[in-house]
Amino acid sequence: GETGTGKELVARAIHDISHQQPAPYVAVNMAAIPAEMIESELFGHEKGAFTGAIQRKVGKFEYAGDGTLFLDEICSMPAPLQAKLLRVLEDRSFTRLGGNAAIPLKARIVAATNRDLAAEIERGAFRKDLYFRLNVLPVQLPALRERREDIPMLVHHFVNEYCDGREGETKPCPPELIRQLMQRDWPGNIRELRNVVRRYCVLGKPEMGLEQPAAGIEAPGCAIRPWKEYMEEQERRYLVAVLRQVG
């Protein structure tokens, strides 16, 4: 699914409604871990396995136990590690870096990507055999523009989410605002919608954040100002609007 469609929420829901729910749910963003640390993060290491390894470390595969291990941005995994992951999934066991003992893999593996895996395979960035090994039960998450009928429900949820625990009554979004939201394409999908709803909850004005697809970004052709100057101006406008709103 595209960025912002809720892939991790679905992975978490799969875990929560399964018999593995009491066990840990472990999420790993492959794009957020430096390449030289990924293997240690996933499989752990023994003391002295490499410089700086002063004690044994339990990796994510081992920590997940009988639970669920969610591998987000799986396409960001380096090619050598893709081969090792394939072997782990085939053997259902792994070893810590610097260790010899095989540790059984008991966790459910859920992988996610926002890229076209067929195209990634075609250009040699992703192993075909690993794709076939992972592709047991595929779940395609549609973009928000493909399910606009969900927008009113999502807006209601995000308003309640923001107002929960805060002083004041929860005010429903005006019908006109809902209509405007349903007409947009939402390149950032549900994550972008959530931010727009929060902006409305903070500033209390339906038009805030809806005048342009990306609020506050200069229109094409405008002179580009220094980043620091631009951000200071946006901060000033935001603070003035909040101060006016709360009196």
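Parameters and conventions
Residues numbered from 1 in each chain as written. Predicted model: local features only at pLDDT ≥ 70, side-chain atom pairs only at ≥ 80, totals over all residues. Heavy atoms only, no water. Helix = DSSP H or I, 4+ residues; strand = E, 2+ residues; numbered from the N terminus. Contact = heavy atoms within 4.5 Å. Areas by Shrake-Rupley, 256 points an atom, 1.4 Å probe, with all protein chains shown as cover. Pairing = 2+ DSSP bridges. Axes fitted to C-alpha atoms, helices over the stretch in contact; angles between N-to-C directions. Expected span 1.5 Å × (residues − 1). Core = buried A, V, L, I, M, F, W, Y, C linked by side-chain atoms within 4.5 Å. Buried < 20%, exposed > 50% of the residue type's maximum accessible area, 1.4 Å probe, protein only. Lys, Arg positive; Asp, Glu negative; His and termini not counted. Salt bridge = Lys/Arg side-chain N within 4 Å of Asp/Glu carboxyl O.

S.K.: Is there a simple way to explain the overall build of the chain in this structure?
M.R.: Scanning the chain for helices and strands turns up 10 helices and five strands. For the chain, restricting intrachain contacts to residue pairs at least 6 apart in sequence, the fraction spanning at least 24 positions comes to 68%. Carbon together with sulfur atoms contributes 54% to the accessible area of the chain, which is approximately 15300 Å² in total.

S.K.: Just to check I follow, could you spell out the sheet that holds strand S5 (residues 108-111) for this structure?
M.R.: In a beta sheet, neighbouring strands are held together by backbone hydrogen bonds and run either parallel or antiparallel to one another. Taken in spatial order, the three strands of this open sheet run S1-S2-S5, and their pairing is parallel. Sheet topology places strand S1 (25-29) and S5 at the edges, where each strand pairs with a single neighbour. Sheet twist, expressed as the mean angle between neighbouring strand axes with direction ignored, is 20 degrees. Note that S1 and strand S2 (residues 68-72) share five bridges and pair parallel. Bridging from a neighbouring strand, Asn-29 pairs with Asp-72 of S2.

S.K.: Just to check I follow, could you spell out helix H10 (residues 227-246) for this structure?
M.R.: One turn of an α-helix holds 3.6 residues; hence residues three or four places apart share an orientation. Spanning 20 residues, H10 covers 29 Å between terminal C-alpha atoms, matching the ideal 28 Å at 1.5 Å per step. Taken from the residues just after H10, Gly-247 is the one with a positive phi, measuring 70 degrees.

S.K.: What exactly am I supposed to notice about the nonpolar core here?
M.R.: A general trend in soluble globular proteins is that nonpolar side chains are found buried together. With 27 residues, the main nonpolar core has Val-28, Leu-42, Phe-61, Leu-71 and Leu-85 as its most contacted residues. Among the secondary structure elements, those contributing two or more residues to this core are S1, helix H2 (35-43), helix H3 (60-64), S2, helix H4 (79-91) and helix H5 (117-122). It is H4 that provides the largest number of residues to this core, a total of five residues. When neighbours within four sequence positions are excluded, Leu-85 is seen to be in contact with Phe-61, Leu-71, Ile-74, Met-77 and Leu-130.

S.K.: Explanation requested: unusual backbone geometry in the structure shown.
M.R.: With a phi close to 55 degrees, Arg-92 is a non-glycine residue in the positive phi region. Within the fold, Arg-92 resides in the loop between H4 and strand S3 (93-94). Among the residues examined, Arg-92 registers a relative accessible area of 34% and is labelled partly exposed. A positive phi angle, near 60 degrees, is found at Asn-189, a position not held by glycine. You can see Asn-189 is positioned in helix H9 (residues 189-203). Under the relative-accessibility criterion, Asn-189 is labelled buried at 0%.

S.K.: Is there a simple way to think about the side chain of Glu-73 in this case?
M.R.: On the secondary structure map, Glu-73 appears in the loop between S2 and H4. We note that Glu-73 is buried and unpaired, the nearest opposite charge coming from Arg-115 at a distance of 5.2 Å. For Glu-73, the residues in contact, after removing those within four places along its chain, are Asn-29, Met-30, Ala-31, Ala-112 and Asn-114.

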